[in-house]
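Listed below are the residues making up each chain.
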Amino acid sequence: MNLLLVFDAVYRHRRINMAAEELATSPSALSHALSRLRTTLNDELFIRQGNAMQPTARAHVIAPGLSAALNAMSESLRSANIFLPENSNQTFRFAVTDYTAAVFFPALVTRLQQTAPGISVKTIYSTGHDSLEDLVTGKVDFAIGFQTPDMSHHSQLGVIEGFRDDYIVAVSSRHPRITDNLTLEQFLEEGHVVVNPWNEARGAIDLELEKLNIRRRTIVELPSLLSAPAIVATSELITTLPARAIATLFSSEALTCFTVPFSVSPYALNVYFHNGRSITPGHHWMREVIHEVMNTLTHTKLHELSSAAHMISSH
């Protein structure tokens, strides 16, 4: 049993020292346990690449079932106790991007501080495929992101539907060519800053443009939103993002915003969880909290984005 715990920890963390810290043992003792497990299973299981331990093909096969079994045992023990959120010190783990953390977590943390101040949340940065694997293997409890085919069609995943946002185009308020309106021709002539946190080959905007048999000119592609406001505000490049991203992270004084000059479906923010791992009273409670927070964000959207909406309508 101890060896299986070692396997699970190394698989999730990919680091000997992090796995050892979680199991309250030394890296040396954990390495010895991993050596015994390799002998028992007659497979390397993990191959060192730099500072990381990369799983072998057999390790990938073993991990989901093993993690589910360990989680089931843990949840059986937890479920024997009554969950009282006001007294709980449980930690919930979320896979996020900087955008999803910025627009969702302030409201979630505020709610938790009001109702369950002992509960903590831990976030890890995610990409789409990583989030799916992290949910399946139990590395995270929830993944916050937009809908993708992998996530929406996975039979083991549940979803809490969140808010919807229209996309808008942001340009520098000092842009020399885009001032009073934005046509499709102007949109295509300018260089674009594209934020691509989940590393998908084509995002929603480019997929819509492909339907029109046209492509935009990407000058800068970023995995994070954080530097996009400064780039757009101090250059002639433009960016297309959900309205809440513009209102939350960008300075309204530095930007002029426009409606997208072609048809594009709204951005949909969802929270995903693994059905087989969300059976404890604590997880059920957190799902209800997330649902309530999402409802609040949805119904207060117009008020929160009033300044951004004014910028759009005035141009």
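Residues numbered from 1 in each chain as written. Predicted model: local features only at pLDDT ≥ 70, side-chain atom pairs only at ≥ 80, totals over all residues. Heavy atoms only, no water.

Caption draft 1: Fine view of the packing of helix α1 (residues 2-13) against helix α3 (residues 27-41). Look at α1 against α3: their axes get within 9 Å of each other, and the N-to-C directions meet at 105 degrees. By the angle between their directions, the pair α1 and α3 is classed as roughly perpendicular. When α1 is examined against α3, the residues Leu3, Val6, Phe7 and Val10 are found in contact with a partner set consisting of Leu30, Ala33, Leu34, Arg36 and Leu37. Residues belonging to the contact of α1 with α3 are distributed by class as follows: eight nonpolar, no polar and one charged. (Axes fitted to C-alpha atoms, helices over the stretch in contact; angles between N-to-C directions. Helix = DSSP H or I, 4+ residues; strand = E, 2+ residues; numbered from the N terminus. Parallel < 35°, antiparallel > 145°, perpendicular 65-115°, else oblique. Contact = heavy atoms within 4.5 Å. Nonpolar A, V, L, I, M, F, W, Y, C, P; charged D, E, K, R; others polar.)

Caption draft 2: Representation of the pairing of strand β10 (residues 238-242) in the model. Across the five residues that make up β10, a large majority, five, are buried. Alignment of strand β7 (residues 167-172) against β10, held across four bridges, turns out to be antiparallel. Paired with Val169 across the bridge in β10 is Thr240. In terms of strand pairing, strand β8 (residues 191-195) meets β10 through two bridges, oriented parallel. Within β10, the residue paired with Val193 across the bridge is Thr239. (Buried < 20%, exposed > 50% of the residue type's maximum accessible area, 1.4 Å probe, protein only. Pairing = 2+ DSSP bridges.)

Caption draft 3: Layout of a nonpolar patch on the surface. Among the surface-exposed residues, Met1, Leu4, Leu5 and Met73 lie close enough to one another that they form a single nonpolar patch of about 350 Å² accessible area. By the element assignment, Met73 lies in helix α4 (residues 57-79). (Patch = residues over 30% accessible without salt bridge, like charges linked within 9 Å, V, L, I, M, F, W, Y side chains within 5 Å. Areas by Shrake-Rupley, 256 points an atom, 1.4 Å probe, with all protein chains shown as cover. Salt bridge = Lys/Arg side-chain N within 4 Å of Asp/Glu carboxyl O.)

Caption draft 4: Structural detail: the pattern of salt bridges. Evaluated as defined, the whole model comprises 10 salt bridges. The partner of Lys211 in a salt bridge is Glu208, with the nearest N and O atoms 3.4 Å apart. With Lys211 and Glu208 both in helix α9 (residues 204-211) and three residues apart, this pair spans about one turn of that helix. Exposure remark for Lys211: the relative accessible area of 62% places this residue in the exposed category.

Caption draft 5: Fine view of the packing of aromatic side chains. Tallied over the full model, the rule gives 10 aromatic pairs. Ring centres of Phe104 and Phe105 lie 5.8 Å apart, and the angle between their planes is 90 degrees; this geometry places the pair in the edge-to-face category. Pairing Phe142 with Phe273 gives two aromatic rings, centres 6.4 Å apart and planes at 65 degrees, and the pair type is edge-to-face. Separated by 131 residues along the polypeptide, Phe142 in strand β5 (residues 142-146) and Phe273 in strand β12 (residues 267-274) bring together distant segments of the chain. Residue Phe142 is classed as buried on the basis of its relative accessible area, which comes to 0%. Taken together, the aromatic side chains of Phe94, Phe104, Phe105, Phe142 and Phe273 make up a single cluster linked through ring pairs. Above the plane of the ring of Tyr11 lies Arg14, whose end atom (NZ or CZ) is 4.6 Å from the centre. (Phe/Tyr/Trp six-rings, centres within 6.5 Å; stacked < 30°, edge-to-face > 60°. Lys NZ or Arg CZ within 6 Å of the ring centre and 35° of its normal.)

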